[in-house]
Amino acid sequence: MTNNSIPQGLIKGTIVERINWTEQLFSLKIKAPIHPFKAGQFTKLAMYTENDEWPRRAYSFINAPDDELLEFLLITVPDGELSPRLNNLQAGDSLYVGEDPAGFMTLDEIPEAAKDLWMLSTGTAIGPFLSMLADPKSLDRFEHIVLVHAVRTKADLVYQDRMTALQEKLGTIFSYIPVVSREIVPDTLSGRIPALLASGTLSKTNGVPLDPIHSFFLICGNPEMVRDCRATLEELGYNKHLRRQAGHFTSENYW
Ligand SMILES: Cc1cc2nc3c(=O)[nH]c(=O)nc-3n(C[C@H](O)[C@H](O)[C@H](O)COP(=O)(O)OP(=O)(O)OC[C@H]3O[C@@H](n4cnc5c(N)ncnc54)[C@H](O)[C@@H]3O)c2cc1C
Ligand SMILES: NC(=O)c1ccc[n+]([C@@H]2O[C@H](COP(=O)([O-])OP(=O)(O)OC[C@H]3O[C@@H](n4cnc5c(N)ncnc54)[C@H](OP(=O)(O)O)[C@@H]3O)[C@@H](O)[C@H]2O)c1
């Protein structure tokens, strides 16, 4: 395959803007005419390499579905095939984008009875929740929206301006709970999400009680965090949500 034959399903996109959060953590805003997506979904990003290969990986949209530019939040996985290459790209460079978005962690999959939405994320997996929060009208049905973002260091707490704006716009309906595990940072929790969930600390932090009728959990990111949250929730009496049987949580592993 040569650079002239783009694999099926990919189209060329152009990077319009890049934000550097740390040396390894960055956002890309991309112009690419892909098919419409729902907040919470992802698509593939791909590059053509010097070995005549097209590595492609899944990345979640963090922009609102109506925005003109696509936006992604990425971390460089050491020795990864694609992410270090993506970290070398700058505004004006091109890359390839999957035309067809995918994923079921979307708001329309959440049962009607759910009133308190808990978004539990590690690292770049805050992404799908940023997209949902980018169009707060789509969250009107909820009485409380709690975004929990667990990261290693303070520098990984991205999009603080959006958090402040959401807090101002949504008031007490919205709680943002940052968790930093490898530094002591004022106004954040320390530790890991599953333990903070099991001990009741998350609920105590914002005063939103957990209850099996109104609480619904979206869990996204590190697969071990996802596994341990699911186990914790099951111990607390909550069930996995299925289309054929309404439950309390849905999850997405990032690897
Ligand atoms: C549905 C979905 C959405 C995703 N969205 C995003 C996103 O928005 N932003 C983002 O940065 N990544 C996201 N990812 C992860 C992304 O698809 C790639 O796996 C990641 O960029 C590594 O690709 P790579 O080619 O550099 O590494 P590879 O060469 O594919 O991977 C090397 C190994 O690193 C591990 N690994 C993969 N991702 C991570 C990670 N994030 N942290 C630690 N270890 C990892 C895996 O065990 C993998 O086998 C998502 C994954 C999925 C499944
Ligand atoms: N974040 C960085 O500073 C940084 C810098 C360069 C490269 N990277 C690379 O980027 C990749 C992703 O790193 P990341 O920091 O975004 O994600 P991560 O390693 O998944 O860590 C994000 C958060 O998830 C927590 N976590 C890890 N395992 C968990 C588990 N089993 N249960 C519950 N919580 C858990 C971490 O806590 P703990 O701290 O307790 O593990 C941290 O608070 C890794 O390959 C890493 O090597 C990261």
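To keep things clear, this report deals only with the structure shown in the data block. This structure is a prediction, so every number in the text was calculated from the model and none was measured. (Residues numbered from 1 in each chain as written. Chains lettered and ligands numbered in written order. Predicted model: local features only at pLDDT ≥ 70, side-chain atom pairs only at ≥ 80, totals over all residues. Heavy atoms only, no water.)

## A few points about the packing of aromatic side chains
Item 1. In total, this model carries 7 aromatic pairs according to the counting rule given.
Item 2. Residues Phe61 and Phe72 carry aromatic rings whose centres are separated by 5.5 Å and whose planes lie at 35 degrees to one another, so their mutual orientation is tilted. With a gap of 11 residues between them, Phe61 in the loop between β4 (56-60) and β5 (70-75) and Phe72 in strand β5 connect regions that are remote in the sequence.
Item 3. By relative accessible area, Phe61 is classed as buried at 0%. (Phe/Tyr/Trp six-rings, centres within 6.5 Å; stacked < 30°, edge-to-face > 60°. Helix = DSSP H or I, 4+ residues; strand = E, 2+ residues; numbered from the N terminus. Buried < 20%, exposed > 50% of the residue type's maximum accessible area, 1.4 Å probe, protein only.)

## Digging into the site of ligand 1
Item 1. Residues in close proximity to ligand 1 total 19 residues, the closest being Arg57, Ala58, Tyr59, Leu82 and Ser83.
Item 2. Separating an oxygen atom of ligand 1 from a side-chain N or O atom of Arg57 is a distance of 2.8 Å.
Item 3. Across the complex, the protein chains shield 73% of the 900 Å² of accessible surface that ligand 1 would expose by itself.
Item 4. Comparing atom positions with the cavity grids shows ligand 1 to sit within the largest pocket.
Item 5. Going through the elements one at a time, β4, β5, α1 (83-86) and β11 (249-253) are the ones with two or more residues in the shell around ligand 1.
Item 6. By residue number, the principal contributor to the shell around ligand 1 is β4, which donates 4 residues.
Item 7. Looking at the shell around ligand 1, its residues break down into 11 nonpolar, 5 polar and 3 charged.
Item 8. Each of domain 1 (10-98) and domain 2 (107-253) accounts for three or more of the residues forming the shell around ligand 1. (Near = heavy atom within 4 Å. Polar contact = N/O pair within 3.5 Å; in protein donor to acceptor, adjacent residues only side chain to side chain. Areas by Shrake-Rupley, 256 points an atom, 1.4 Å probe, with all protein chains shown as cover. 1 Å grid on protein atoms, 1.4 Å probe; cavity = no way out; pocket = protein on both sides within 12 Å on 5 of 7 lines; lining within 4 Å. Sits in = over half its atoms within 2 Å of the grid points. Nonpolar A, V, L, I, M, F, W, Y, C, P; charged D, E, K, R; others polar. Domains from an automatic or database assignment.)

## A word on the pattern of salt bridges
Item 1. By the definition in use, this model includes 9 salt bridges.
Item 2. Measuring nitrogen to oxygen at the nearest pair gives 2.8 Å for the salt bridge that ties Asp108 to Lys38. Of this pair, Asp108 sits in the loop between β6 (94-98) and β7 (116-122) while Lys38 sits in the loop between β2 (25-31) and β3 (42-46), and the two are 70 residues apart along the sequence. (Salt bridge = Lys/Arg side-chain N within 4 Å of Asp/Glu carboxyl O.)

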